[in-house]
Amino acid sequence: MVEANNYQMAIDLLCCHLGITEDEAKQQLGIEEELKKQEQVIDTQYSLLGLTSEK
């Protein structure tokens, strides 16, 4: 999620000035897929360590 923080100002500007959603802004910036991949890696690491929040 570090990448999302790095892009947050750009995301906010796009949302505000273009009137688009946060997901659309991420897609415009080309970071949507990258963030999904990072989340999947983190989920996999947690699963391997047995730290999932799933019950």
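Scoring rules and cut-offs
- Residues numbered from 1 in each chain as written.
- Predicted model: local features only at pLDDT ≥ 70, side-chain atom pairs only at ≥ 80, totals over all residues.
- Heavy atoms only, no water.
- Helix = DSSP H or I, 4+ residues; strand = E, 2+ residues; numbered from the N terminus.
- Expected span 1.5 Å × (residues − 1).
- Patch = residues over 30% accessible without salt bridge, like charges linked within 9 Å, V, L, I, M, F, W, Y side chains within 5 Å.
- Areas by Shrake-Rupley, 256 points an atom, 1.4 Å probe, with all protein chains shown as cover.
- Salt bridge = Lys/Arg side-chain N within 4 Å of Asp/Glu carboxyl O.
- Buried < 20%, exposed > 50% of the residue type's maximum accessible area, 1.4 Å probe, protein only.

Turning to helix α3 (residues 32–49), a few remarks are in order. Owing to its 3.6 residues per turn, the α-helix brings residues three or four apart onto one side. In this model, α3 (18 residues) spans 26 Å end to end at C-alpha, consistent with the 26 Å of a helix rising 1.5 Å per residue. Count one or two residues on from α3 and you reach Gly50, which has phi positive near 75°.

This part takes up a nonpolar patch on the surface. On the surface, Ile42, Tyr46, Leu49 and Leu51 cluster together to form a nonpolar patch covering roughly 400 Å² of accessible area. By the element assignment, Ile42 lies in helix α3.

Another aspect to go through is the pattern of salt bridges. The tally for this structure, following the rule as stated, stands at one salt bridge. As a salt-bridge pair, Lys26 and Glu22 come within 3.5 Å of each other at their nearest N and O atoms. One end of the pair, Lys26, and the other, Glu22, are both in helix α2 (residues 22–29), four residues apart, so they sit about a helical turn from each other. The exposure class of Glu22 is partly exposed, given its relative accessible area of 37%.

Honestly, that's just the spatial picture; any functional story needs more than this.
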